[in-house]
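# Examining the three-dimensional arrangement
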Amino acid sequence: MPALMKVGSILLQLALAALVIRQFELENRTFFNVFLLSAVAFPVHALLPARYRLSFFAAVSLGGIFLVFGPLGGGLLIGAGLALIGVCHLPLAFGVRVAIALAIGGVLALARDGRIPSVMPAGVWPILGSMFMFRLAVYMQALKHDKTPPTIARTLSYFFMLPNVCFPLYPVVDYTTFGRTYYDDDADAIYQRGAKWITRGLVHLLLYRYVYLHLTLDPTTLHSLSDLVQALLSVFLLYLRVSGQFHLIVGLLQLFGFHLPETHRLYYLASSISDYWRRINIYWKDFMMKLVFYPSFFKLRGKGDRVALVLSTLCVFFATWLLHSYQWFWLRSEFPITPQDILFWALLGGLVVINTLRETKKGRKRTLAAKPKGWDSSLALRTTGTFILLCILWSLWSAESLVDWLFMWPAALHVGAMDVAVVGGLLAFGLAVSGFVWDAPVSARKGPEPLYLRTDVRTYAVLVALLVISTSQLKQAAGPRIGGFIATLQSASLNTQDRALQQRGYYEKLDNRGRLSAQLWTTIQRAPAGLLALTDTKAYRRRTDDFIGGDLTPNSSGLVSGKLVTVNSMGMRDHDYTLAKPADTKRIALLGPSYTMGSGVADDETYDAYLEPRMNEQQGGSPRYETLNFGVAAYSLLHQMRILDDRAYKFNPDVVLLTDSRTPARPIVQHLIRALEDGTLGTYPGLDSIVKRAGVHDYPGKGVAIATDPLRAMARMVGVKTRMPYREAYIRLNNAMSEIIDWTLQHTAEQAKAHGAVPIFVDGMFPADTAIPDSPMMASARKHGFLVIELATQWEGQPRDDLRIGAWDNHPNPRAMKMIADGLYREFQKHESELHLGIHPASTATPPPTTPDSSRAHSKD
């Protein structure tokens, strides 16, 4: 009975953890399903006789693969894995077996890269790679050196271990340790440790989400010292996702008796670079020591211990650099070799070598065994200094380019009182915390353990607290500000920077996919195969002869994001209109990017297709309304301005409606760079003068790409012809963004009024948007005479999944498109005195259509 009670207690903790995962949408649906499978399998495994447990875990692991990938994908993954395992046991010389395994791996790599045909589903490749790319080497070495022969159950459990099926990034579990630690302690203690680590992993993932959504900044938009510090800090803190996932993985394995050691140990409190290397991703460090360091050291020992130590350590970091790219190949089908990677691993390796030599000479202080002495100023300074150094190194490794990284640092020159307060406060906090030894051994207590120190009690407390925080009642009681903040933590959404990248990725290939954040990459991977971007279809045409640069091809069609996009004779996703406006007709010109064009929805499901019939039906036929859809995916404010000047005003609109995402800088900068390359920027002298003041008037050019004016001047002094790199031009234009947006909105408002049209700027059309009182872009629009409409309030309280195209695409689906149309119509009624569209007040208007069919009846057809 006591055993049943203890298993029941763990099961209750797992049930609470499952609720936390569901409430906060942690990771993905696959992980949730695998977690439920683990929770159901746990009590069965725990109550089975010991001799059956390992075989049961192997069977559950194989079943999890079929649960996730189905019969075909699961069968192919297991079949490929069994073939690789079988090679390890061939009755051949060890070197021959290694050669055969490498040959099979090479064939699989060619299939992974698409160079040879394969029936393997795309989602299977990352999991297959994570199961075998490193584990196979560990296993073969164990076969060579371990005296204990492997069993079928242990081998299958090792390679196909259950959590791996939903975690492509997986710790390198050592085979010998995997077998040696199996039930090497009290079973109940192992189970409880697993529940504790699962809870810790969930907390890490929530902290990661907070950092990702609320602290990360675009390196090209830093304006002050505090911005720079926030950017450096957030990049390093994003590693919480890896440590969170690894704690979940090892915690789940503990539930099945695998008493594995920690994967991470207070790595943010490392007191030196060498200490950091020992604390972070401990399994990887052990893997490198076992397969690279020790073999290298003993081969080089004849040159002297110090030389062998230095060279072996450098070999470890060289191998880590290459194997990082190798790992990325299996996970993302990319083999990134960038200057940032090279510099990061070279600097980290060099610092570890220097610190190791210093420790060898002076002797390393064993902090883990030391008795706590209270706050230590020396420890505080060393730990804080190490943390700052690592933040700088991680910012280098994570930068999109070296130019991006170099151009971050001038922000440190802009220091105000608030910057001093923020940075000073962070330093004081860091010194206060890091002066204590947090992981020193705890001496044994006499007598019973206090209730509040029991592991199960603390685990229950954390899980229950997270569930309480997630309740709608608490969010309502906390008020809109705190409640809204909690709501952001309950959604696996993209931050503003990644959302902008995602929008760019819908219409063109991302040029540096290997450096995408884990969150964005996960989102992209969920997209169905074969979806075409707009620029890959006949519905789009590239234009280098004018400032527009590219638009829809008249009288064409194409499948964009899986939906047919039909373009009329005038280059609009709409039916044809007469150029002259009919009598007793009001026209509204709709401009904007993807959600105006209608990416991911059918021709009759855009908000334009809902808005026009809604207005005509409710207003009784007089006046008639025509909504002209000039939207094109990825159009920036500059595109919209040019389409108005070049095309829309010819239709004599009464209202022009502009909209843009809340991250407008990237498409604007890309448009300007393209205009510089095509020589079409002179279309707008006012805009051209802003670009010249930004210092990019000589981009592009011929010569060697060298960053910064001083270095280019020095190179020219010795006869080297230079040019500005793309990233520098991008950053300079981005720094002038507020002036560019202000000029664009001013010009657009002036031209609209000159043509007798009322300009409207609409914010919050994206279902992921939350209401904001007044962004800088909205304030600029108001200043120049736009009527500003905020639609984001209508998304509040709506399930996000019910409003977007899919998990891979946050664009509004047909239901959200109809909500946009309804919201615009209500705003038109509200502002009739400013718009003069002849719309009846809301109190006398006919109720909106109630059936989907009537609401979608497009009067244009």
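Everything numeric in this text was worked out from a predicted model, so none of it was measured.

### A short note on empty space enclosed by the protein
Using the criterion set out here, one finds six cavities of 30 Å³ or more in the structure. Volume-wise, the second largest cavity comes out at about 110 Å³. Lining of the second largest cavity is provided by 13 residues; of these, L269, R279, F436, V437 and D439 occupy positions nearest its centre. Elements represented by at least two residues in the lining of the second largest cavity include exactly α12 (273-279) and α16 (377-398). When its residues are assigned to classes, the lining of the second largest cavity shows six nonpolar, four polar and three charged.

### What about the confidence of the model for the protein?
Low-confidence regions, as indicated by low pLDDT, have predicted coordinates that should not be scrutinised in detail. Put simply, the protein has an average pLDDT of 89, and 92% of its residues get 70 or more. In this model residues 505-511 is a low-confidence stretch, pLDDT under 50, and it forms 24 contacts with partners more than four residues away in sequence or in other chains. Here residues 844-861 is modelled with pLDDT under 50, and outside its nearest four sequence neighbours on either side it reaches 35 contacts, counting other chains as well.

### Some remarks on the side chain of S434
Here S434 lies in helix α18 (residues 417-434). Among the polar contacts made by the side chain of S434, one reaches the main-chain carbonyl oxygen of A380 at a distance of 3.3 Å. In this structure, S434 is in contact with L269, L379, A380, T383 and T384, ignoring residues within four places of it in sequence.

### Considerations on the sheet that holds strand β11 (residues 787-790)
The five strands lie next to each other as β6-β5-β7-β10-β11, forming an open sheet whose pairing is parallel. Either end of the sheet is taken by a strand with one partner, and the two such strands are β6 (624-629) and β11. Along the sheet, successive strands turn relative to each other by an average axial angle of 20°, direction set aside. Of the pairings in the sheet, the one linking strand β7 (residues 655-659) to strand β10 (residues 758-763) comprises five bridges and is parallel in character.

### Quick word on the pairing of strand β5 (residues 585-590)
A large share of β5 lies buried, amounting to five of its six residues. With six bridges joining them, β5 and β6 adopt parallel strand pairing. Residue pairing across strands places L590 opposite N629, the latter belonging to β6. When β5 meets β7, the two strands line up parallel, connected through three bridges. If you follow L590 over to β7, its bridge partner there is L657.

### A word on the pattern of salt bridges
Once the charged atoms of two side chains with opposite charge are near each other, the side chains can pair. Per the counting criterion, the structure on display carries 35 salt bridges. D305 is the salt-bridge partner of R301, the closest N and O atoms lying 3.2 Å from each other. Residue classification places D305 among the partly exposed residues on the basis of a relative accessible area of 44%. Ionic pairing is found between D742 and K783, a salt bridge with its closest N-O pair at 3.0 Å. Separated by 41 residues along the polypeptide, D742 in helix α30 (residues 737-754) and K783 in helix α31 (residues 776-783) bring together distant segments of the chain.

Rules behind the numbers
- Each chain carries its own residue numbering, running from 1 in the direction its sequence is written.
- Residue-level local features of this predicted model are given only where pLDDT is at least 70; pairs of side-chain atoms are given and counted only at 80 or more, and the full residue set underlies all totals for whole chains, interfaces and linings.
- Derived side-chain values reflect all non-hydrogen atoms in the structure, with water molecules and hydrogen atoms excluded from consideration.
- A 1.4 Å probe that fits but cannot get out identifies a cavity on a 1 Å grid over protein atoms alone, an open set with protein on both sides within 12 Å along at least five of seven lines counts as a pocket, and a residue lines either if it has an atom within 4 Å of a point.
- Grid points are joined across faces, edges and corners, and a volume is the space filled by probe spheres set on the points.
- Secondary structure elements are defined from DSSP: runs of H or I of at least 4 residues count as helices, runs of E of at least 2 residues count as strands, and each element is numbered from the N terminus.
- Think of it as three bins: nonpolar holds Ala, Val, Leu, Ile, Met, Phe, Trp, Tyr, Cys and Pro, charged holds Asp, Glu, Lys and Arg, and polar takes everything else, Gly as well.
- How sure the predictor is of each residue is captured by pLDDT, a score from 0 to 100.
- In what follows, a contact means two residues having at least one pair of non-hydrogen atoms within 4.5 Å.
- Throughout this description, a polar contact denotes any pair of N or O atoms lying within 3.5 Å of each other; where both atoms belong to protein, one of them has to be capable of donating a hydrogen while the other can accept it, and for residues adjacent in sequence the pair is counted only when both atoms sit in side chains.
- Paired strands, as defined in this entry, are two strands with at least two bridges between them according to DSSP.
- A fitted line through C-alpha atoms represents every axis, and for helices the fit uses only the stretch in contact; the resulting angles, taken between N-to-C directions, go from 0 to 180 degrees.
- Buried, partly exposed and exposed residues are distinguished by accessible area as a fraction of the type maximum, computed with a 1.4 Å probe on protein chains only: under 20%, between the cut-offs, and over 50%, respectively.
- One side-chain nitrogen of Lys or Arg within 4 Å of one carboxyl oxygen of Asp or Glu is enough to make a salt bridge.

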